[in-house]
Amino acid sequence: MTSTIILGLDGATWSILTPLLNSGDLPELQSLIDDGQADSLKSTFPPITAPAWLSMATGQNPGKTGVFYFLNRDDPDSFDFESLGSDSFHGQSFWDVLTARNHSVGVFNFPMLYPPYDLGEEGFMVSGLGSPGDDTISDPDGLKRELDEVTGGYEVKVPYADPKYQNRPGQLASDLHEMLEKREAAMTYLLEEKRPDVFFGVVSVTDWAQHYFWRYHDSDHELHDPSADEEHKKALTRLWERVDDTVGAIADFAEREDANLLIVSDHGFGPVNQTFYSNSWLEQKGFRTPAETSSVQALRTRYFPYLRRIAEPIVSAVPQLNNLAKSVGKSIRGSPGDDIDWDRSTVFAPRQNLTCGMLYMLSEDPDDREAVIDALEGLTDDDGQPLEVDVFRPEDRYHGPKTDLAPDILFTVEDFECAVDPRHTTDDGHLVSGPPSAARSGGHRMEGIYVAAGPDIESGDGIPASIFDIAPTLLYAADEPIPNVMDGEPLTDLFTSNFRDERSIRRQSLSRLVGSGETSAERDTDAVQDRLEDLGYI
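Counting of residues starts from 1 at the beginning of each chain's written sequence and follows it residue by residue. Reporting in this predicted model follows two pLDDT cut-offs: at least 70 for local features of residues, and 80 or more for side-chain atom pairs to be given and counted; totals over whole chains, interfaces and linings ignore these cut-offs and use all residues. Excluded from the side-chain calculations are hydrogens and water; all other atoms, namely the structure's heavy atoms, are used.

### Quick word on the packing of aromatic side chains
Phase 1: Each Phe, Tyr or Trp ring, with Trp reduced to its six-membered ring, pairs with another whose centre is within 6.5 Å; inter-plane angles below 30 degrees give stacked pairs, above 60 give edge-to-face pairs, and intermediate values give tilted ones. In this structure the tally under the stated criterion is 29 aromatic pairs.
Phase 2: Where F79 meets F348, the ring centres are 5.2 Å apart and the plane angle is 90°; that geometry is what we call edge-to-face. Of this pair, F79 sits in the loop between β3 (71-72) and β4 (82-83) while F348 is found in strand β12 (residues 347-348), placing the two residues 269 residues apart along the sequence.
Phase 3: Throughout this description, buried means an accessible area under 20% of the type-specific maximum (1.4 Å probe, protein chains only), exposed means over 50%, and partly exposed covers the range between. Residue class for F348 comes out buried when judged on its relative accessible area of 2%. A run of H or I in DSSP becomes a helix once it reaches four residues, and a run of E becomes a strand once it reaches two; helices and strands are each numbered from the N terminus.

### Regarding the environment of G8
Phase 1: Tracing the backbone shows G8 in strand β1 (residues 4-9).
Phase 2: With a relative accessible area of 0%, G8 lands in the buried category.
Phase 3: For the pair G8 and W53, spaced 45 residues apart in the sequence, the C-alpha separation amounts to 9.4 Å.

### Overview of the confidence of the model for the protein chain
Should pLDDT be low for a region, the predicted coordinates there are not to be read in detail.
Phase 1: Here the protein chain shows a mean pLDDT of 90. Residues at 70 or above account for 87%.
Phase 2: Across the chain, each position has a pLDDT score giving the predictor's confidence in that residue, from 0 to 100. Pairs of residues are marked as contacts when any of their non-hydrogen atoms sit within 4.5 Å. Below pLDDT 50 for its whole length, residues 296-312 participates in 38 contacts with residues either more than four positions away or in separate chains.

### Focus: the sheet that holds strand β19 (residues 447-453)
Phase 1: Spatial strand order, β7-β6-β5-β8-β1-β9-β19-β2-β20: 9 strands in an open sheet with mixed pairing. Pairing within the sheet leaves two strands with one partner each, and these edge strands are β7 (138-139) and β20 (465-466).
Phase 2: As paired strands, strand β2 (residues 37-42) and β19 are joined by 6 bridges and run antiparallel to one another. Along β19, the bridge assignment pairs A38 with V451.
Phase 3: Lines fitted to the C-alpha atoms define the axes, with helices restricted to the stretch that makes contact. Angles between their N-to-C directions range from 0 to 180 degrees. On top of the sheet, helix α3 (residues 49-58) reaches β1, β2, β5 (105-110), β8 (198-203) and β9 (260-264); it is set at about 170° to β8, its chief contact. Each pair of strands is called paired provided DSSP finds at least two bridges between the two strands.

### Re helix α8 (residues 205-217)
Phase 1: Note on bend: at a given residue it equals the angle between the axes fitted to the 7 residues ending there and to the 7 starting there. Along its length, α8 reaches its greatest deviation from straightness, about 45°, at H211.
Phase 2: Counting buried positions along α8 yields 12 of 13 residues, so the element is predominantly enclosed.
Phase 3: Looking at α8, one finds that the buried residues are V205, T206, D207, W208, A209, Q210, H211, Y212, F213, W214, R215 and Y216.

### Points about the pairing of β2
Phase 1: As paired strands, β2 and β20 are joined by 2 bridges and run parallel to one another. Note on β20: the bridge partner recorded for L41 is A465.

### Digging into helix α1 (residues 14-22)
Phase 1: If you check which residues of α1 are buried, you get I16, L17, L20 and L21. For α1, the angular spread of buried residues about the axis comes to 120°, placing them on one side.
Phase 2: Of the surrounding secondary structure, the elements contacted by the buried residues of α1 are α2 (27-35), α8, α10 (235-257) and β19.
Phase 3: Residue G24 follows α1 closely and has a positive phi angle near 80°. What the arc covers is the set of directions going from the helix axis to the C-beta atoms.

### What to know about the pattern of salt bridges
Phase 1: Definition used for salt bridges: Asp or Glu carboxyl oxygen within 4 Å of a side-chain nitrogen of Lys or Arg. Following the criterion strictly, the structure yields 22 salt bridges and no others.
Phase 2: The salt bridge partner of K182 is E155, with a shortest N-O separation of 2.9 Å. Here the residue K182 occupies a position in helix α7 (residues 169-194), and E155 occupies one in the loop between α6 (143-151) and α7, the gap between them amounting to 27 residues.
Phase 3: Using a relative accessible area of 10% as the deciding quantity, one classes K182 as buried.
Phase 4: Shared partners join several salt bridges into a network, and the residues in it are D135, K144, R145 and D148.

### Notes on unusual backbone geometry
Phase 1: Residue P115 is reached from Y114 by a cis peptide bond, and omega for that bond is -5°.
Phase 2: Locating P115 in the fold gives a position in the loop between β5 and β6 (124-127).
Phase 3: P140 follows D139 through a cis peptide bond whose omega is 10°.
Phase 4: Mapped onto the elements of the fold, P140 is located in the loop between β7 and α6.
Phase 5: You will see that N109, though not glycine, has its phi angle at about 60°, which is positive.
Phase 6: If you trace the backbone, N109 turns up in strand β5.
Phase 7: Note on N109: relative accessible area 1%, which makes it buried.
Phase 8: Unusually for a residue other than glycine, D415 sits at a positive phi of about 50°.
Phase 9: Secondary-structure assignment places D415 in the loop between β15 (409-413) and β16 (418-421).

### Regarding the side chain of N109
Phase 1: Among the polar contacts made by the side chain of N109, one reaches the side chain of R183 at a distance of 3.4 Å.
Phase 2: The term polar contact refers here to a pair of N or O atoms within 3.5 Å; inside protein, the definition further demands a hydrogen-donor-capable atom paired with an acceptor-capable atom, and it admits residues adjacent in sequence only when both atoms are side-chain atoms. In this structure the side chain of N109 is engaged in a polar contact, spanning 3.5 Å, whose partner is the side chain of S204.
Phase 3: When neighbours within four sequence positions are excluded, N109 is seen to be in contact with V126, S127, G128, L129, Y154, R183, V202, V203 and S204.

### Regarding the nonpolar core
Phase 1: Among the nonpolar cores identified, the biggest contains 63 residues, and F89, F94, W95, F110, F200 and V264 are the most heavily contacted of them.
Phase 2: Those elements that place two or more of their residues in this core are α3, α5 (94-100), β5, β8, β9, β19, α16 (470-477) and α18 (510-514).
Phase 3: Throughout this description, the term nonpolar core refers to a set of buried Ala, Val, Leu, Ile, Met, Phe, Trp, Tyr and Cys residues connected via side-chain atoms within 4.5 Å. Listed in part, the 62 residues of the second largest apolar core include M187, Y212, A228 and A235.

Following this line, the structure appears as C-alpha cells:
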C-alpha cells in the first residue's frame, strides 16, 4: 500500500500560482493547500535543475555532491567537464536508504538519473531529463514498453528551445499538453499497477513552458507584445490549469490509498529582461585573452553566434531543416574554451549555464581573483548606472569535501533578472537588452514551492523550508534513520502530533544504511550534452 507520494513540478513558482489560485483556476491545488500546508522551498545555489534535484534526493549541498551544474569536473586542477548521471545519485539518495530498509520505491522521470538502476524486486526507476528516449531508460527493462502501451509512445522531452518552435508558440503549447497527458497516464498507471510504498514522479513541462511563454504571460517583460495572439498570452495559464488536473488525479489516488501527498519544485521562476555576456566582458577588462584567430576552431566558436542568428529564422520557416541544422551546428559550434589563450588569461567562463555567472580562475594569485570580483561589483549599465551584482566565493555558499570543485567565482546580476551568457554575442558591448533567446524569456529563481496534504499532515500555515529538508522528511515519515551526511532537517511540523509521537529523529552513517553505494553505471557524456542543448541548458 502506498504511504507517500511526491509529485515534482519542475520550476513551480508562487509568482505564477498565487494569482491563479486567487482566481479559482487551480481548484485541485487549492484543495490540498486548504487541507494541509504550503510555503516556499529554497533551492540550491545556483537554482538549476541538475544540482537542485540531486540535492533534493540526497539532502546534501553541492559542496558534498560536487554537482553545481549539468556539467561538472572531478578534479579541482582540471577544466574537463562531464555531464551528471545516476552514478552521482546511486547509494546517496533517500530511495536507496528506503530500498535497503525493505521499502518499495518507484522513481519516475527524475532528471539526470540515467542510466537507471535496480531498486529491488518491488521497486522501479524511469530516467528523465538527460536520458535518451529508448528502452534503456527503465529498470526493470520491460517497464519502458509498458509505458509505451499506456501512453501511445512514451517520450522524455519536448525540446522547447529548438529552432523548430521559434515563432510557433501554438505548436509548442500543443506538444507540451500532449507530453503532460502522457506523464499523467504513465504516473497513474505506475501507481495503480505497481503500488510502491513511496513514489516520486516529476513533471517537467512546467519548467519548459515558463522558459518559453513568460514573455507572453508577463505584460512587463522586455519582449512582451501586446498585440500577440490571446491564445499565446494565455498559454501558460492554460498549461497550469491542465497541470492542476494532473494534481487532482494524483491526489485522488492518494486519498484512496490513505497516503500523504507532497508537491515540490526544484526552484522558482521569474522574468529575464537582460543578458550579460561574461566572456565578452572579461576580454574587455583584460582578464581573458582570445586565442589567435588563425585557429580554425577559435574562429568557429567566435562566429558561431552569427551563424546561429542567420540559421534560426530559416529553420523556423522550414522546420524540415531542423535536424540538418542541428547536425551542422554541433560540428562547428565549439565552446568558449576553444578560443582562449590559456597562458595569457586570468579567468574564463566555460560553456555552462544562463542563470548566473560561473568563473574559473586560471591564475593562482589571490589578488587576481579579488581584482575580478572588484570589477564585477563595479558593473554598470550603458548609462553608467550601477547594476545589482551579488558575488560569491564557493566557501560562502557550500561546505563539504567537494567544495573545491566549484567555480572560483559565482555571481548574479539584477537578482537573476539578467541572464549570464558565456557565449559570444553578435551585439556590441557586454550588456544587451532582452533574454539570451526568445525561448528563455523566463529564468530560474531561488524560491520554489512545497504543498503537503494527507491523513498524517497537520492543517495550518506552512513554514519556509529548504530543498535539503525533503529527503530527511521522507525518511522520517517512513520511520527510518536519516544519514548524518544530509544537511537538511525533517519537517516534523508538517505532521500531526499523533504521527510525531510514533517516531523519533534518528541519525546514522550512510554506509551503515545502504552499504558502499558503488555503481558501474556508464553514460555517453557527449550524447547527454546534445540532449541538454536541445533544451537550451548548455
